[in-house]
Amino acid sequence: MTSAAEKRHSGRLRRQRRVRKKIHGTADRPRLAVFRSNKHLSAQLIDDDAGRTIAAASSLEADLRKAGSGSTVEAAARVGQAVAQRAKLIGINKVVYDRGGFLYHGRIAAAAQAAREEGLEF
């Protein structure tokens, strides 16, 4: 990696640790963790007490991949909708949002907004 890329990556990890100190997911209010790469976005509901993933959605999934590129704001909204629908199916209405050190902008914000519109409370 170049020095600029290393600086950007270490800054994100530092922000991620700072955010993660303050939030904690439980069985009734899991953590909605979002990860963004250059090509895709994934979101998962995590119960930190049990250390397990309750539900997940990703732009790599076949049904979400058919709809178009995984690196757009629209794809992020589709992932947010999918994870919210899966949460509703298992009876989860409230979550704690974990942006994973990414700025709350663009695809990260679109995923959160779509999940809210599907009925999840943050």
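Residues numbered from 1 in each chain as written. Predicted model: local features only at pLDDT ≥ 70, side-chain atom pairs only at ≥ 80, totals over all residues. Heavy atoms only, no water.

Asks: When you look at helix H3 (residues 73-89) in this model, what are you seeing that I'm missing?
Replies: Note that an α-helix has 3.6 residues per turn; residues three or four places apart therefore point the same way. For H3, which comprises 17 residues, the first-to-last C-alpha distance of 25 Å matches the rise-based estimate of 24 Å (1.5 Å per residue) to within 8%. Structurally, H3 contributes buried residues whose contacts are with strand S1 (31-36), strand S2 (41-47), strand S3 (52-58), helix H2 (62-65) and helix H4 (107-117). Positive phi appears at Gly91, one or two residues downstream of H3, with a value of about 90°. (Helix = DSSP H or I, 4+ residues; strand = E, 2+ residues; numbered from the N terminus. Expected span 1.5 Å × (residues − 1). Contact = heavy atoms within 4.5 Å.)

Asks: Explain the pairing of S2 here, please?
Replies: Of all seven residues that make up S2, five are buried, and the element is covered over most of its length. Bridging between S1 and S2 involves six bridges; their strand directions are antiparallel. Looking at S2, one finds that Phe35 is bridged to Ser42. Counted between consecutive antiparallel strands, the loop separating S1 from S2 contains four residues. Hairpin geometry of S2 and S3 is characterised by an intervening segment of four residues between the two adjacent antiparallel strands and by a positive phi of about 70° at Gly51. (Buried < 20%, exposed > 50% of the residue type's maximum accessible area, 1.4 Å probe, protein only. Pairing = 2+ DSSP bridges.)

Asks: For this particular structure, what's the right way to read the sheet that holds strand S4 (residues 96-98)?
Replies: Adjacent strands of a sheet pair through backbone hydrogen bonds, lying either parallel or antiparallel. On the basis of which strands lie adjacent, the open sheet formed by four strands has the order S3-S2-S1-S4 and mixed pairing. Across the chains shown, the open sheet's two edge strands, defined by having one partner strand only, are S3 and S4. Looking at each pair of strands side by side, their axes are set apart by 20° on average, direction ignored. Lying over the sheet, H3 contacts S1, S2 and S3, oriented at roughly 140° with respect to S3. (Axes fitted to C-alpha atoms, helices over the stretch in contact; angles between N-to-C directions.)

Asks: How do you make sense of the side chain of Asp98 when you look at a structure like this?
Replies: As for its placement among the helices and strands, Asp98 is situated in strand S4. Filtering out sequence-adjacent residues up to four positions away, Asp98 remains in contact with Val19, Arg20, Ile23, Arg31, Leu32, Ala33 and Val34.

Asks: For this particular structure, what's the right way to read the nonpolar core?
Replies: Nonpolar side chains tend toward joint burial in soluble globular proteins. Formed by 24 residues in total, the largest nonpolar core has its most connected members in Leu32, Leu41, Leu45 and Tyr97. With six residues, H3 is the largest single contributor of residues to this core. Apart from residues lying up to four places away in sequence, Leu32 is in contact with Ala43, Gln44, Leu45, Val83, Val95, Val96, Tyr97, Asp98, Ala115 and Phe122. (Core = buried A, V, L, I, M, F, W, Y, C linked by side-chain atoms within 4.5 Å.)

Asks: Explain the packing of aromatic side chains to me, please; I cannot follow it from the model alone.
Replies: Two measures describe an aromatic ring pair: the distance that separates the ring centres and the angle between the ring planes. Tallying each qualifying case throughout the model produces three aromatic pairs. Where Phe35 meets Phe102, the ring centres are 5.9 Å apart and the plane angle is 65°; that geometry is what we call edge-to-face. With Phe35 in strand S1 and Phe102 in the loop between S4 and H4, the pair connects residues that are 67 residues apart, well separated along the chain. Of the residues examined, Phe35 reaches a relative accessible area of 42% and is grouped as partly exposed. The class of Phe102 is buried, set by a relative accessible area of 6%. Between the aromatic rings of Tyr97 and Tyr104, the centroid separation amounts to 6.2 Å while the plane-to-plane angle is 90°, which identifies the pairing as edge-to-face. Note on Tyr97: relative accessible area 15%, which makes it buried. (Phe/Tyr/Trp six-rings, centres within 6.5 Å; stacked < 30°, edge-to-face > 60°.)

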